Amino acid sequence: MKKSIILIAFVLLAIVPAFAQKEVVGKPYSFTHNNISQNVDRIELPAQDHQKLINEDAINFVKDGKPMRVGVSEIVKLNTKNSGRTDILPNGDRLWRVTVKSPDALMLCAYISNFNIPEEASFYIYSGDFSQLTGKYTAEDVQEQNGWLVSEDIMGDEITFEYYEPADVLFHGTFEIDHISHIYRDIAAYSREAKGNIGDSEGDCHINVACPIANPWRNQVNSVVCISIHSPAEGADFLCSGAMINNVRQDKTPYVLSANHCLNDDNNCTFKFYFNYQSPTCNNEPASISPLYRANGGTVCATANLNSSSDFLLLRITGNISNLYADSIVFAGWDATGAGSVGAGIHHPGGDYKKISFPRQVTSSNKYWKTYWYTGSNNKGVTEQGSSGSPLFNANGRIIGDLSTGSSSCEYTSGYDNYGKFSWSWTNNNNSSNAKKLQPWLDPDNTGTLIMDGMHYNGSPAVGIASVAQPVQNLTIAPNPSFGNVNIKGAFDSNSGICNVYDMMGKLISSTTVILEPSINMNFRDLPNGTYFVEIISDNHIYKSKMVIAK
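Residue positions are given per chain, counted from 1 along the sequence in the order it is written. Two thresholds apply to this predicted model, a pLDDT of at least 70 for residue-level local features and 80 or more for giving and counting side-chain atom pairs, whereas whole-chain, interface and lining totals are computed over all residues. The side-chain quantities take in all heavy atoms of the structure and omit both hydrogens and water.

Some points on the overall build of the protein chain
At step 1: For the protein chain, the helix and strand inventory stands at 5 helices and 40 strands.
At step 2: Relative accessibility under 20% of the residue-type maximum defines a buried residue, over 50% an exposed one, and the middle range a partly exposed one, all with a 1.4 Å probe and only protein chains included. A total of 551 residues make up the protein chain; the buried ones form 58% of that total.
At step 3: Here the Shrake-Rupley method, with its probe set to 1.4 Å, supplies the accessible areas, and only the displayed protein chains count as covering residues. As presented, the protein chain carries roughly 22,000 Å² of accessible surface, and 48% of it is formed by carbon and sulfur atoms. Every helix listed is a DSSP run of H or I at least four residues long, and every strand listed is a run of E at least two residues long, numbered separately from the N terminus.

Section: the sheet that holds strand S32 (residues 461–462)
Hydrogen bonds between backbone groups are what pair the strands of a sheet, and the pairing can be parallel or antiparallel.
At step 1: Paired strands are those between which DSSP finds at least two bridges. An order of S21-S31-S32 is seen for the 3 strands of this open sheet, with the pairing classed as antiparallel. Strand pairing shows two members of the sheet lacking a second neighbour, strand S21 (330–331) and S32, which therefore form its edges.
At step 2: Pairing analysis gives 2 bridges linking strand S31 (residues 454–456) to S32, with the strands arranged antiparallel. Along S32, the bridge assignment pairs Gly454 with Ala462.

Digging into the pattern of salt bridges
At step 1: Any carboxyl oxygen of Asp or Glu that lies within 4 Å of a side-chain nitrogen of Lys or Arg is treated as forming a salt bridge with it. For the coordinates displayed, the defined rule picks out 14 salt bridges.
At step 2: Of the charged contacts, one joins Asp57 and Arg69 as a salt bridge, the two residues approaching to 2.7 Å between their closest N and O atoms. Placement of Asp57 in helix H2 (residues 50–64) and of Arg69 in strand S3 (residues 68–78) is noted, with a sequence separation of 12 residues between them.
At step 3: Here Asp157 and Lys101 are joined by a salt bridge, their closest N and O atoms 2.9 Å apart. On the criterion of sequence distance, the pair formed by Asp157 in the loop between strand S10 (154–155) and strand S11 (158–165) and Lys101 in strand S5 (residues 94–101) is long-range, its members being 56 residues apart.
At step 4: With a relative accessible area of 18%, Lys101 lands in the buried category.
At step 5: Through salt bridges with shared partners, one network takes in Glu56, Asp57, Arg69 and Arg185.

Section: the sheet that holds strand S34 (residues 476–478)
At step 1: Judged by pairing direction, the sheet is antiparallel, and its 3 strands sit side by side in the order S34-S35-S38 without closing on themselves. Each of the sheet's edge strands pairs with one partner strand only, and the pair in question is S34 and strand S38 (519–523). Here the strands of the sheet are splayed against their neighbours by 25° on average, with no regard to which way each runs.
At step 2: Where strand S35 (residues 485–489) lies against S38, 5 bridges are found, and the strand directions are antiparallel. Bridge pairing in S38 places Ile488 opposite Ile520. Here an angle of 0 to 180 degrees is reported between the N-to-C directions of two axes, which are lines fitted to C-alpha atoms, with helices fitted over the stretch in contact.

Observations regarding the packing of aromatic side chains
By convention here, two paired aromatic rings are described through the distance between centres and the angle between planes.
At step 1: For this analysis, a ring pair means two rings from Phe, Tyr or Trp (six-membered ring only for Trp) whose centres lie within 6.5 Å, classed as stacked if their planes differ by under 30 degrees, edge-to-face if by over 60, and tilted for the remaining angles. All told, the structure shown has 22 aromatic pairs when counted by the stated rule.
At step 2: For the pair Tyr29 and Tyr164, a centre-to-centre distance of 4.9 Å together with 15° between the ring planes defines the contact as stacked. Of this pair, Tyr29 sits in helix H1 (residues 29–32) while Tyr164 sits in strand S11; the two residues are 135 residues apart in sequence, bridging distant segments of the chain. For the pair Tyr29 and Tyr164, a shared accessibility class is recorded, and that class is buried.
At step 3: Through pairs of rings, three or more aromatic residues link up here, namely Trp96, Phe115, Phe123, Tyr137, Tyr163 and Phe175.
At step 4: Lys370 extends its terminal NZ or CZ atom over the ring of Tyr416, reaching a point 4.4 Å from the ring centre.
At step 5: By definition, being over a ring means that NZ of Lys or CZ of Arg is both within 6 Å of the ring centre and within 35 degrees of the ring normal. Above the ring of Trp369, the side-chain terminus of Lys421 is found at 4.6 Å from the ring centroid.

As for the confidence of the model for the protein chain
At step 1: Per residue, pLDDT captures the predictor's confidence, and it can take any value from 0 to 100. Averaged over every residue, the pLDDT of the protein chain is 86; residues scoring 70 or more account for 88%.
At step 2: Counting contacts from residues 3–20, a segment whose pLDDT is below 50, to residues more than four positions away or on other chains yields 58 contacts.
At step 3: Counting contacts from residues 466–470, a segment whose pLDDT is below 50, to residues more than four positions away or on other chains yields 12 contacts. Should any heavy atoms of two residues lie within 4.5 Å, those residues are considered in contact.

Points about the state of the cysteines
When the sulfur atoms of two cysteines share a covalent bond, that bond is a disulfide.
At step 1: Pairs of cysteine sulfur atoms within 2.5 Å are identified as disulfides in what follows. Counting across every chain of the model gives 3 disulfides.
At step 2: The disulfide that involves Cys211 links it to Cys282, with 2.0 Å between the sulfurs. Measuring the twist about the S-S bond at about 90°, one finds the Cys211-Cys282 disulfide to be right-handed. Note that Cys211 is positioned in the loop between strand S13 (207–208) and helix H3 (218–221) and Cys282 in the loop between strand S17 (270–275) and strand S18 (293–296), a separation of 71 residues in sequence.
At step 3: Residue classification places Cys282 among the partly exposed positions, given a relative accessible area of 39%.
At step 4: Each sulfur in the disulfide pair Cys240 and Cys262 lies 2.0 Å from the other. Disulfide Cys240 to Cys262: torsion about the S-S bond roughly -100°, handedness left-handed. Taken together, the positions of Cys240 in strand S15 (residues 236–245) and Cys262 in the loop between strand S16 (255–258) and S17 put the pair 22 residues apart, joining distant regions of the chain.

Digging into the nonpolar core
At step 1: If you look at the biggest cluster of nonpolar residues, it comprises 33 residues, and the most contacted ones within it are Ile245, Trp334, Ile356, Ile399, Phe422, Leu438 and Leu442.
At step 2: At the level of secondary structure, the elements contributing two or more residues to this core comprise S15, S16, strand S19 (298–304), strand S20 (312–317), strand S23 (344–347) and helix H4 (422–427).
At step 3: At 3 residues, the largest contribution of residues to this core is made by S19.
At step 4: Note on terminology: a nonpolar core comprises buried Ala, Val, Leu, Ile, Met, Phe, Trp, Tyr and Cys residues joined through side-chain atoms within 4.5 Å. In this structure, Ile43, Leu108, Ala110 and Phe161 belong to the second largest nonpolar core, which totals 25 residues.

Structure (structure tokens):
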């Protein structure tokens, strides 16, 4: 580390917490007083080779299947005794400041241990260009699961810490800036088109959740979150996806379902959860138009790895869920019966804006659902790094799995993905440990419930796709009988829906998301000869008709 002096200009303007969630209380002493020197110690960390890190990521993903790394951390161990500038003010008050620069970082985040300061003292963190101010931090900001105080996301490559302590306090405050994360993925380009603020998807085949095709899935969209995971053991930061999930009590316990491999076998991880992280339009306008909200802190409730089980992770958010965004949150429903159908996957590929993908086929494979995607000009999205842990919803809008592994990408849409089965994770093959299965957490009263609908944070139901439809209307299918290539017509009330096909015994044969044009061409040539019922579910109606296949 290199150490130098930086001259900080006296600032009177109000600093806006541009990318932060914590409410700013007051202002740092140095912002409102001119009786102190503005020469502040600056510590410069070693430069990071971003391209080298990205090249390492590509190798590690192929070799070890690691989640998407976005940052690396540098241990600094800074405190009031070994670093920074301390000013003793005329009345005996003490002011300590230090600035840390990590060259070319796109974002910085500090991890602070042993944080214990008097109630009368104040601790602030702000960016090098003064565009962001966070604080004041108190003991309430220390995370319960690991004792860390974790800063807000500070944009840019400089971060300043300021601690003010009155002379008459009962004890001297203690804290140590243990390490600082250097974020090297492109997370700061607010002006970038088609890419998000905290990620950078590689492919361009992804479908924004603001597009009309996602309209039947609004409740499910609002359950999905982007998760930042800091691993001290790896000395790195990773991004995964997950979903807020309902429990049988419906008591709004903030559970999040994701994948175990996102932990990198580190049980001391720190979590951040990003809500409403999506473009407000189908064509990828910047998400800064819409507020980005965050909860800071989470703890692991249950988990099982992909080698011995279904690769699931159940977290509980311990940080504050602000009223600014709580009403937009949905706790997703789920289905633990083991029955599968074609629905949708919702995720943050590359940590990018929230996307929706529609599999053409979902098949059962032991502990996993294997999903196959549409190819060519009929593309309906895939997944990539950063999508790990994201939910797979069935045709009724309930979670049936979380993304574990796969080979799909925008460049290889013929690949497939494996989603850990929710039904397997439910008891994890009758595992005796509550920390290895979902059932004790999501059905704590052991009611035997295996299907649960979603719920809005305000308590109102967020039901599955099928149960929102009310009136039944007719479809016209021609030719009928047919070899399987048919044209379906109906007075559809929305732009997209789900087409389900049932046999005469009522068994679901196929389920496909469709664009609801006045006339829809469908291919059922793979079905054996027989009579079937075709059902299309839209926002407000169910459309039904009988279909005969005779080859």
